[in-house]
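# Overview (structure and organization)
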Amino acid sequence: MSTSRLIAKNTAFLYVRMLLTMGVTLFTSRVVLNVLGVVDYGIYSLVGGIVVLFSFFNSAMTSATQRFLSFDIGKNDLIQLKKTFNATLNIHIGISILFFLLAETIGLWFINYFLKLPDARMSAVNWIYQFSILTFLLSIIQVPYDALIISKEKMGIYAYMSIFEVFLKLIIVYLLVVFDADKLILYSVLIFLVSFISNMTRKIYCKIYFKETKYFFCYDKELYRKLISFSGWSLFGNIAGVARGEGSNILLNIFFGTTLNATYGISMQVQSAVQIFVSNFQMAVNPQIIKQYANGNKEKSLSLIFQSSKFSYFLMLLIGCPIIYNIDYILQLWLINPPKYTAVFVVLCLINILIDCISGPLVMGAQAVGFIKWYQITIGTLIFLCLPISYFALKVFYDPKVIFMVIIIINLFSLFGRLLFLKFLINLNLQSFFLEVLSKILMVTLIITVFGCFNKFAITNPNMNFFFKSIFITVINLTSIYFVGLNNNERKFLLSFFKK
């Protein structure tokens, strides 16, 4: 119960952060789209995505950093924790140097000679590319500090810092409207400044409150070997993930031009905002999954994986369904004149997130064990297949929707692949997972789908129609989740938690 209370408390902090972040993100996206225009917004989305293409090793090291810091804290080994933090910081400094070299050579060539970008905007493109590089360099160095705050489960502090960053982005929108300059270049400069301030805030906090962040050059050959080995096998999976995400954006550019890059960018903004709803919960649970495993309490770790997979899906369903059933109204209210295909892109993104959020705790379970070689090779290969399959599907159908359909199908295969691997890694009971998690997810989804088909209100006022439709869907959702999706113990805990 103490673990459940800690997770609930940390989740509450993160949801306050989420609500503010989501609101500001959606508002700023609308203003930025209007100020920049569809073409410039598409350019920023595409160019920023090229920078992310070079993030594959940093993403792998992020997983390793989070895992090893949580593992050391779970074992209550403070000396090893200090070594691990400094070793990961040294590695991230090395990654930043490698990233800079790749971005200023291969990336620069790719931007100027491969992509289909307007000739009149090439000067601005190169400016935003350079500031995107600087912004990403700061995010690389920030990783060990964020990982330590999360591993220590200081979610309140993490939430306050994120809220501070969000309000800085609100100031960006104001400055973007007020200043008379090239809006695209100005936007990239302001985003860099926000990143710099955010980076310094986290670093100062960690230096004051966490003694293990005092820098020294850690040379522990065995520790570096473990970190590099873990991140090395994670690398393949991260390359596949980046190829799927940013590669899809490049394919849209090749086949349809920058207008659909703007549409893709908007759908990714919605995906990021909505995904926070689930990632906050998983962020609160993940350190406990690793810490319980590190303590030798495998049954508790498996129980957390089961419960967090199911709760993640239900949380996503609660916010996703009202958006899906009101997508046209929401986009017109938010963007006024949304680009073509925006509605279908957003709906398919939300369906994909529903599948992905079940897999999140399974991924953390595999990371807790540490033996991830064949797991990463198999799942990474499946994810990477999205890109070539999408390319041939676009050649055949010439329909941008097929990219998301391919991703959804591959994600379903990846989910079952993860379950099979966890059966061998930590003896996950497949039958129990299907009965306790997947069967209840399917029943709740079926109920909300059936009721959604009858969700028709004869109300001419679009605002009132949106309100009543959303309330109806949410009530059906909550009712079906409570009576069908949860077991007796989960219902008792929720009632106790809300009473308090």
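Residues numbered from 1 in each chain as written. Predicted model: local features only at pLDDT ≥ 70, side-chain atom pairs only at ≥ 80, totals over all residues. Heavy atoms only, no water.

## Description of the overall build of the protein chain
Convention followed: Numbering of helices and strands runs from the N terminus, with a helix taken as a DSSP run of H or I at least four residues long and a strand as a DSSP run of E at least two residues long. The atom set for the radius of gyration is the C-alpha atoms, and the globule formula is 2.2 Å times the number of residues raised to the power 0.38. A 1.4 Å probe rolled over the protein chains alone gives each residue an accessible area, and that area as a share of the maximum for its type sets the label: buried under 20%, exposed over 50%, partly exposed in between. A contact between two residues is defined here by any heavy atoms of the two lying within 4.5 Å. Using a 1.4 Å probe, accessible areas were evaluated by the Shrake-Rupley method; residue-level cover was limited to the displayed protein chains. Asp and Glu are treated as the negative residues and Lys and Arg as the positive ones, with His and the ends of the chain left uncounted. Taken as the charge location is NZ of Lys, CZ of Arg, CG of Asp or CD of Glu.
Secondary structure assignment for the protein chain yields 17 helices and 0 strands. For 500 residues, the compact-globule formula gives about 23 Å, and the C-alpha radius of gyration of the protein chain, at 23 Å, lands near that figure. Considering only C-alpha atoms, the protein chain reaches an extent of 65 × 60 × 45 Å along its principal axes. Here the protein chain holds 500 residues, and 55% of them are scored as buried. Residue pairs in contact within the protein chain that sit at least 24 positions apart in sequence constitute 84% of those at least 6 positions apart. Surface exposure of the protein chain reaches about 22500 Å², of which carbon and sulfur atoms provide 69%. Treating the 40 positive side-chain charges of the protein chain as one cloud and the 20 negative ones as another, the clouds have centres 8 Å apart.

## Some points on helix H12 (residues 373-384)
For an α-helix, the turn length of 3.6 residues means that residues three or four places apart are oriented alike. This is how it is decided: To estimate how far a helix should reach, multiply one less than its number of residues by 1.5 Å. Directions are taken from the helix axis to each C-beta atom, and the arc is the one they span.
If you check H12, its first and last C-alpha atoms are 16 Å apart, about what 12 residues at 1.5 Å a residue would give, namely 16 Å. When H12 is considered as a whole, its buried residues turn out to be Tyr-375, Gln-376, Ile-379, Gly-380 and Ile-383. Buried residues of H12, seen end-on, are gathered within an arc of 105° and therefore sit on one face of the element. Lining the buried residues of H12 we find helix H7 (221-256), helix H11 (342-369), helix H13 (386-397) and helix H14 (401-426).

## Notes on the nonpolar core
Soluble, globular proteins show a tendency: their nonpolar side chains are buried together. Threshold: The term nonpolar core refers to a set of buried residues drawn from Ala, Val, Leu, Ile, Met, Phe, Trp, Tyr and Cys, joined through side-chain atoms within 4.5 Å.
Counting residues in each nonpolar core, the largest one holds 108 residues, and the members touching the most others are Tyr-187, Tyr-313, Met-316, Leu-362, Leu-428 and Phe-433. Non-local contacts of Met-316, meaning those with residues more than four positions away in its chain, are made with Val-274, Phe-277, Val-278, Leu-350, Ile-353, Leu-354 and Cys-357. In this structure, Phe-404, Ile-407, Ile-408 and Ile-410 belong to the second largest nonpolar core, which totals 19 residues.

## Some words on a nonpolar patch on the surface
Condition: Each patch is built from residues lacking any salt bridge and having more than 30% relative accessible area; the joining distance is 9 Å for like charges and 5 Å for nonpolar side chains (Val, Leu, Ile, Met, Phe, Trp, Tyr). Salt bridge, as used here: a side-chain nitrogen of Lys or Arg that lies within 4 Å of a carboxyl oxygen of Asp or Glu.
On the surface, Phe-164, Phe-196, Ile-197, Met-200, Ile-204, Ile-208 and Tyr-209 cluster together to form a nonpolar patch covering roughly 700 Å² of accessible area. For the nonpolar patch, the leading source of residues is helix H6 (residues 183-209), giving 6 residues. Tracing the sequence through the fold places Met-200 in helix H6. We classify Met-200 as partly exposed; its relative accessible area is 34%.

## A few points about the packing of helix H9 (residues 298-325) against H11
Here is the rule we go by: Under this scheme, a helix contributes an axis fitted over its contacting stretch, all axes are lines through C-alpha atoms, and angles between N-to-C directions fall in the 0 to 180 degree range. Orientation is classified from the angle alone, with under 35 degrees giving roughly parallel, over 145 giving roughly antiparallel, 65 to 115 giving roughly perpendicular, and any other angle giving oblique. Note: crossing handedness is left-handed where the near helix turns anticlockwise from the far helix by less than a right angle, and right-handed where it turns clockwise.
Close contact between H9 and H11 brings their axes to 9 Å; oriented N to C, the two are set at 165°. Of the possible angle classes, the one that applies to H9 and H11 is roughly antiparallel. H11 is crossed by H9, and the crossing has right-handed handedness. Residue-level contacts link Ile-305, Ser-308, Ser-309, Ser-312, Tyr-313, Met-316, Leu-317, Gly-320, Ile-323 and Ile-324 of H9 to Val-347, Leu-350, Ile-353, Leu-354, Cys-357, Ile-358, Pro-361, Leu-362 and Gly-365 of H11.

## Quick word on the packing of aromatic side chains
As a reminder of what qualifies: Pairs were defined over the aromatic rings of Phe, Tyr and Trp, the Trp ring being its six-membered one, requiring ring centres within 6.5 Å. Orientation was assigned from the angle between planes: stacked under 30 degrees, edge-to-face over 60, tilted for the rest. Geometrically, a charge over a ring is one whose NZ (Lys) or CZ (Arg) sits within 6 Å of the ring centre while staying within 35 degrees of the ring normal.
Per the stated rule, a full pass over the model turns up 23 aromatic pairs. On the basis of an interplanar angle of 25° and a centroid distance of 4.8 Å, the ring pair of Tyr-329 and Phe-466 is categorised as stacked. Taken together, the residues span a long stretch of sequence, with Tyr-329 in helix H10 (residues 327-335) and Phe-466 in helix H16 (residues 462-485) at a distance of 137 residues. Taken together, a centroid distance of 5.8 Å and an interplanar angle of 90° make the contact between Tyr-375 and Phe-421 edge-to-face. With Tyr-375 in helix H12 and Phe-421 in helix H14, the pair connects residues that are 46 residues apart, well separated along the chain. What links up through ring pairs into an aromatic cluster is the set Phe-255, Phe-256, Tyr-391, Phe-392 and Tyr-398. Seen from the ring of Phe-68, Arg-67 lies directly overhead, with NZ or CZ sitting 4.8 Å from the centre.

## A few points about the packing of helix H8 (residues 258-294) against H11
This is how the line gets drawn: Note on residue classes: Ala, Val, Leu, Ile, Met, Phe, Trp, Tyr, Cys and Pro are nonpolar, Asp, Glu, Lys and Arg are charged, and everything else, Gly too, is polar.
Their axes nearest at 9 Å, the elements H8 and H11 cross at an angle of 20°. In this view, H8 runs roughly parallel relative to H11, as classed from their interaxial angle. Read as a crossing pair, H8 and H11 show a hand that is right-handed. Across the contact of H8 with H11, the residue classes tally to 20 nonpolar, 9 polar and no charged.

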